[in-house]
Amino acid sequence: MGSPGGWWGRKSTPAKVETYTRWSFHSIALSEPTVIGVTAFGHLDARAGFLLMLPVAGHTALAVVTASRALDWTCGRRPQPLRLLWTLGAATAALAVLALTLAQHGPGGDDTSTVLGAVFGVTLCYGVGLMALAMQDRRRVVWLVGGFGAGAGLVTWALGMPALAALATTAFVTAAAGFFAATSGFSIWLLKAVYALDDARETRARLAVAEERLRFGRDLHDVMGRNLAVIALKSELAVQLARRERPEAVEQMIEVQRIAQESQREVRDVVRGYRRADLDAELSGARGVLRAAGIDCEVSGETEGLPAEVQSALGWVVREATTNVLRHGDAKKCTVTVRRPEGRVVLTVRNDGAAAPHGPARRGGTGLAGLRERLSAVDGTLDAGETGDGDFTLVAEVPLTARAVLEVAS
């Protein structure tokens, strides 16, 4: 058998708040017969006090059940307890009117009137306050409190009490019932806020997992895309050289082996989340890969001093653009230019293979979509499309912050 501490410790934070709220309102409801009982047994004999407590106990039991069902409705486990709400309202009004009538015109002296007055006031305040638990609309709660307050004053005046006393009764019942109703409303709001925060925490955790999966898929696509294209290209070249019995075939296969080993290392980095693209290395690699594929490649511009996150984002752009040129076009020439207009850096990749059939990446597939996500992390933009002269141009632009500009200038 587990200890109470263990039972409480196994509950989640929202469940703890719900349990605290639930038993708080049960305690409030159970305090109703306590308050009335102290008054009753202090002014009446045991038999009269016991008879008086019977309807009060029934009202308390109804209030406890209503509060429990109202909290279940708040947590989305039950429908709104409308029947219980109406029943509690009718029982509260009937018990209060009966107590006030007996106090004004019933048998008994001042002691009896004092006890019945306590029943009248406590029943109304507790009943209205607990009824507010099952109402979400604030206007309805205001109407509920105001209606019972006005009704108490009218009934008091109709039973022969002076108008000033009836007005004081209205003010007292409205203020006391309003306080209980406001307490109920705040407790419900707090409970909902805790559950909403817990849902937000779970949603944030799920989004973090989804984001990590997207990062892994995007990085794996970017890393393996170009490497596999180069492996296929060099393997084909090695086959042709081997058929001609040329010794260069061995060098090409050695290069294939090197690229495969590098791909393994990069995949491990992707899994660990450490992969960062270096712009200089990517520009050099793009030039070598494209020239090996028979595509004339020219690289111009300075990358020294660019922030690491900017170099990483633009490095991925160079890698993806190189992969697209190898896969989706029939280019003969490609130019890669890095420019630094004031306050920004612009990378342009231009090739003359736009007239050839293109794959999904040219139509804005996952490769370019992944680049836009990477560039958005550094407030960058990406434009890609065919130009009027038959070339395909990809332009990535990244703004440099004031701090980054100072670093570049220094």
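Please refer to the structure placed before this passage.
Residues numbered from 1 in each chain as written. Predicted model: local features only at pLDDT ≥ 70, side-chain atom pairs only at ≥ 80, totals over all residues. Heavy atoms only, no water.

Draft legend 1. View of the packing of helix α4 (residues 82-105) against helix α6 (residues 138-158). Contact geometry of α4 with α6 gives a least axis separation of 11 Å together with a crossing angle of 25 degrees. Here α6 runs roughly parallel to α4, going by the angle between their axes. Two packed elements cross with a definite hand, and for α4 against α6 that hand is right-handed. Every residue of α6 that contacts α4 at G89, T92, A93, V97 and L100 is listed here: F148, V155 and T156. (Axes fitted to C-alpha atoms, helices over the stretch in contact; angles between N-to-C directions. Helix = DSSP H or I, 4+ residues; strand = E, 2+ residues; numbered from the N terminus. Parallel < 35°, antiparallel > 145°, perpendicular 65-115°, else oblique. Left-handed = near helix turned anticlockwise from the far one by under 90°. Contact = heavy atoms within 4.5 Å.)

Draft legend 2. View of a nonpolar patch on the surface. Together, F41, F50, L51 and L54 make up an exposed nonpolar region whose accessible area comes to about 420 Å². Sorting elements by how many residues they give to the nonpolar patch places helix α3 (residues 46-74) first, with three residues. (Patch = residues over 30% accessible without salt bridge, like charges linked within 9 Å, V, L, I, M, F, W, Y side chains within 5 Å. Areas by Shrake-Rupley, 256 points an atom, 1.4 Å probe, with all protein chains shown as cover. Salt bridge = Lys/Arg side-chain N within 4 Å of Asp/Glu carboxyl O.)

Draft legend 3. Molecular detail of the packing of α3 against helix α5 (residues 110-131). As a packed pair, α3 and α5 sit with axes 10 Å apart at the nearest point and diverge in direction by 10 degrees. On the basis of the axis angle, α3 is roughly parallel to α5. Taking contact as the criterion, the partners of L52, V56, H59, A63 and A67 in α3 are, on α5, V115, L116, V119, T123, G127 and L130. A breakdown of the residues in the contact of α3 with α5 according to their chemical character gives eight nonpolar, three polar and no charged. (Nonpolar A, V, L, I, M, F, W, Y, C, P; charged D, E, K, R; others polar.)

Draft legend 4. Molecular detail of the layout of surface pockets. Of the pockets and cavities examined, the largest pocket occupies roughly 370 Å³. Taken together, 16 residues line the largest pocket, and the ones lying closest to its centre are M135, Q136, R138, G185 and F186. Of all elements in the fold, only α6 and α7 (163-243) reach the threshold of two or more residues within the lining of the largest pocket. Classifying every residue of the lining of the largest pocket by side-chain character gives ten nonpolar, three polar and three charged. (1 Å grid on protein atoms, 1.4 Å probe; cavity = no way out; pocket = protein on both sides within 12 Å on 5 of 7 lines; lining within 4 Å. Points joined across faces, edges and corners; volume = space filled by probe spheres on them.)

Draft legend 5. Representation of the environment of V317 in the model. Here V317 lies in helix α10 (residues 308-328). The sequence separation of V317 and R374 amounts to 57 residues, and the corresponding C-alpha distance is 8.9 Å. When residues no more than four places from it in sequence are discounted, the contact partners of V317 are L347, L371, L375, L394 and A396.

Draft legend 6. Structural detail: the sheet that holds strand β1 (residues 296-300). Read from one edge to the other, the open sheet built from five strands follows the order β1-β2-β3-β5-β4, with strand pairing classed as mixed. In this open sheet, the two strands that pair with only one neighbour each are β1 and β4 (381-386). When strand polarity is set aside, the average angle formed by the axes of neighbouring strands in this sheet is 10 degrees. In terms of strand pairing, β4 meets strand β5 (residues 392-399) through six bridges, oriented antiparallel. Within β5, the position partnered with G385 by the bridge is T393. In the packing of helix α9 (residues 279-292) onto the sheet, the strands contacted are β1 and β2 (333-339), and the crossing angle to β1 comes to about 165 degrees. (Pairing = 2+ DSSP bridges.)

So yeah, pure geometry; function would need other evidence.
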